[in-house]
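These are the residues of each chain, in order.
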Amino acid sequence: MIYFDQAASSFPKPTTVALAMTEAVNEYAANPGRSGHHLAQRANKVIEETRKKLQKMFRNESTNRIIFSLNATTALNQAIEGISWESGDHVIATSFEHNSVRRPLERLKLEKEIEVDYVRPGENESEWTSIISRKLTEKTKLVMVTHGSNVTGEIIPIDLIGKLLKKHKAMYCVDASQTAGVLPINMTEMNIDLLAFPGHKGLMGPQGVGVLLVKNHVTLRPISVGGTGSYSEDRKQPKVWPEGWESGTLNTPGIAGLLKGMEEVEKKGLSKIFEHEKMLAFRTINGLTKVEGVRIIGPKGEEDRLGVVAFFIEGIDGQEIAMILDQHYDIAVRAGLHCAPMTHDLYETTDKGVIRVSFGLYNTESEVDKFLVAINEIRDGLLE
Ligand SMILES: Cc1ncc(COP(=O)(O)O)c(C=O)c1O
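Parameters and conventions
Sequence order as written defines residue numbering, which begins from 1 separately in each chain. Given that the model is predicted, a residue must reach a pLDDT of at least 70 before its local features are reported, and side-chain atom pairs must reach 80 or more before they are shown or counted; all residues, however, enter totals for whole chains, interfaces and linings. Secondary structure follows DSSP: runs of H or I at least 4 residues long count as helices, runs of E at least 2 residues long count as strands, and numbering of each begins at the N terminus. Only the C-alpha atoms count toward the radius of gyration. The rule for a globule is 2.2 Å times the residue count to the power 0.38. Whether a residue is buried, exposed or partly exposed is read from the other C-beta atoms within 10 Å of its own C-beta, which are placed from the backbone; 20 or more gives buried, 12 or fewer gives exposed, and intermediate counts give partly exposed. Residues are treated as contacting if the C-beta atoms built from their backbones sit within 7 Å of each other. Any two strands are treated as partners once DSSP identifies two or more bridges connecting them. Axes, fitted as lines to C-alpha atoms, cover a helix only where it is in contact. Angles between the N-to-C directions of the axes lie from 0 to 180 degrees. The term nonpolar core means buried Ala, Val, Leu, Ile, Met, Phe, Trp, Tyr and Cys residues held together as one set by C-beta atoms within 7 Å. In this entry, domain limits derive from an automatic or database-based domain assignment. In this scheme, a helix's expected span is set at 1.5 Å multiplied by one less than its residue total. Gly falls in the polar group here, along with every residue not listed as nonpolar (Ala, Val, Leu, Ile, Met, Phe, Trp, Tyr, Cys, Pro) or charged (Asp, Glu, Lys, Arg). By definition, the arc is the one covered by directions from the helix axis to the C-beta atoms.

**Description of the overall build of the protein**
Line of reasoning, step 1. Counting its regular elements, the protein contains 11 helices and 13 strands.
Line of reasoning, step 2. Computed over the C-alpha atoms, the radius of gyration of the protein is 21 Å, within 12% of the 21 Å expected from 2.2 N^0.38 for a compact globule of 384 residues.
Line of reasoning, step 3. Taken along the three principal axes of its C-alpha coordinates, the protein extends 75 × 55 × 35 Å.
Line of reasoning, step 4. Classification of the 384 residues of the protein by burial places 46% in the buried group.
Line of reasoning, step 5. A separation of at least 24 residues holds for 71% of the contacts in the protein among residues at least 6 apart in sequence.

Next comes the structure, spelled out in structure tokens:
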């Protein structure tokens, strides 16, 4: 089969991921951090090794401030809900935000009376910074930016925005769900306070692990409290990182798998992965622009972009195309709306949705060519 739904979850995973998970389940996945015996210690060692790898890849100040969660959504909820909000606080976010950012912000708007400005994308990098700069006020407590659009593949200049925010007290949180494992992210150099992403997309890990990296100066209220394996006599949640923010048993097999996924990404190298996925996107766009009635959403030029391409065909329902691709051509894509409703508003595709094809490190040019043949045949079959 051809799997072009990598932006939702990467597939297949490196074989080392499943092997490491099987090994964890069969050989050592006792409760990490809860007991002193050697199995628990072995589980803990793998978890700490994964934190170290994450710190090295994303340059957070301390491994202790790397929190494992279920997915990007729980990591983002912890980041956003963990801030001490007061009525009148102001947030700047982008119109590319996923619902895992938008919905927590919308809830805070209602419950805490915060104000949120969702800014439209800049035409170029410097326009992004001037748009955000114009919205910054004394009340701005958080600037929330998704690094790459999960609908259009557009890349947002998080480094320039970080530089701009050096002069402002607002916290800077980046949603790297589409870019972790694809683009370099250096929290220190980019001035990022909070960085969230899932393990199951570009980092090639299994589903069930998300990550939030938090700078040392950031104060964050844990969104869930409970067993931490430490200070058990205390009625209050211990303020010890990371366990105070990781109540409950961690997903040891999942984290062991993530470690192997990250090793594979390191072995391939971020720039090779990025260039490969970008090349597949350009090849797709080139082919699609020759198909009558195709409209591509988002960047179409030579600029850097992720391996995510969105389009629709005038007069044909996208869900029908996705169904034919799946059932007749064994090609998996995603059609409809993609959990980022403001992006669809921006490109006026809320009513019809789009077909999204998204690439990963194992996809090939010949797969793209087969997809383009299929699209041509489907279009001709349905319209002529
Ligand atoms: C930009 C963005 N943010 C957040 C998420 C949520 O990720 P998860 O499903 O791991 O919670 C996604 C998933 O598609 C995404 O693309």
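What follows picks up the thread again.
**With respect to unusual backbone geometry**
Line of reasoning, step 1. Cis peptide bonds are those with omega within 30 degrees of zero, and the linkage from F11 to P12 qualifies with -5°.
Line of reasoning, step 2. Here P12 shows up in the loop between β1 (2–3) and α1 (15–28).
Line of reasoning, step 3. The phi dihedral of Y231 falls on the positive side, at around 50°, and the residue is not glycine.
Line of reasoning, step 4. By C-beta crowding, Y231 is classed as partly exposed, having 14 other C-beta atoms within 10 Å.
Line of reasoning, step 5. Residues other than glycine seldom take positive phi values, yet D330 does so here, at roughly 60°.
Line of reasoning, step 6. In this structure, D330 sits in the loop between α9 (318–329) and β11 (331–332).
Line of reasoning, step 7. According to the C-beta neighbour criterion, D330 is exposed, with 12 such atoms within 10 Å.

**Regarding the sheet that holds strand β4 (residues 115–119)**
Line of reasoning, step 1. Strand order in the open sheet formed by seven strands is β2-β8-β7-β6-β5-β3-β4, with mixed pairing between adjacent strands. Of all the strands in the sheet, just β2 (66–69) and β4 have a single pairing partner and so form its edges. On average, each strand axis in the sheet is inclined to that of its neighbour by 15°, with strand direction left out of account.
Line of reasoning, step 2. Inspection of the sheet shows strand β7 (residues 194–198) paired to strand β8 (residues 210–214) by five bridges, in the antiparallel sense. Its bridge partner lying in β8, L195 is registered against L213.
Line of reasoning, step 3. The sheet strands contacting helix α4 (residues 99–112) are β3 (90–94), β4, β5 (140–146) and β6 (171–175), and the helix crosses β3 at an angle near 155°.

**Considerations on the nonpolar core**
Line of reasoning, step 1. Residues V143, L195, A196 and I355 are the most contacted members of the largest nonpolar core, which totals 102 residues.
Line of reasoning, step 2. When residues of this core are assigned to domains, at least three fall in each of domain 1 (15–267) and domain 2 (269–383).
Line of reasoning, step 3. The residues contacting A196, other than those within four sequence positions of it, are A72, A75, L76, A79, D175, A176, V211 and L212.

**What about helix α7 (residues 252–268)?**
Line of reasoning, step 1. For α7, with 17 residues, the first-to-last C-alpha span of 25 Å sits near the 24 Å given by 1.5 Å per residue.
Line of reasoning, step 2. Within α7, 12 of the 17 residues are buried, which leaves the element mostly enclosed by the surrounding structure.
Line of reasoning, step 3. Turning to α7, its buried residues number three or more, namely T252, P253, G254, I255, A256, G257, L258, L259, K260, G261, M262 and V265.
Line of reasoning, step 4. Buried residues in α7 make contact with α1, α2 (38–58), β2 and α8 (270–288).
Line of reasoning, step 5. Residue G269 follows α7 closely and has a positive phi angle near 95°.

**A word on the domain arrangement of the protein**
Line of reasoning, step 1. Domains assigned within the protein are domain 1 (15–267) and domain 2 (269–383).
Line of reasoning, step 2. Of note, the centres of domain 1 and domain 2, computed from C-alpha atoms alone, are 28 Å apart.
Line of reasoning, step 3. When grouped by side-chain class, the residues that make up the side of domain 1 that touches domain 2 number eight nonpolar, nine polar and four charged.

**Observations concerning α1**
Line of reasoning, step 1. Over its 14 residues, α1 runs 19 Å from end to end, which matches the ideal 20 Å to within 8%, given 1.5 Å per residue.
Line of reasoning, step 2. Taken together, the buried positions of α1 are occupied by V17, A20, M21, A24 and Y28. Angular distribution of buried residues about the axis of α1 spans 105°; they occupy a single face of the element. Exposed residues pointing more than 90 degrees away from the buried face of α1 are listed as T15, V25, N26 and E27.
Line of reasoning, step 3. Elements in contact with the buried residues of α1: α2 and α7.

**Digging into the sheet that holds strand β10 (residues 308–313)**
Line of reasoning, step 1. Read from one edge of the open sheet, four strands run β9-β10-β13-β12, paired in antiparallel fashion. Strands at the two margins of the open sheet, each flanked by one partner only, are β9 (294–297) and β12 (334–336). Between one strand and the next, the sheet's axes are offset by a mean angle of 30°, whatever the strand orientation.
Line of reasoning, step 2. As paired elements, β9 and β10 share four bridges and run antiparallel to each other. Within the sheet, the bridge partner assigned to R295 lies in β10 and is F312.
Line of reasoning, step 3. Sheet contacts for α8: β9, β10 and β13 (354–358); angle to β10, the most-contacted strand, approximately 15°.

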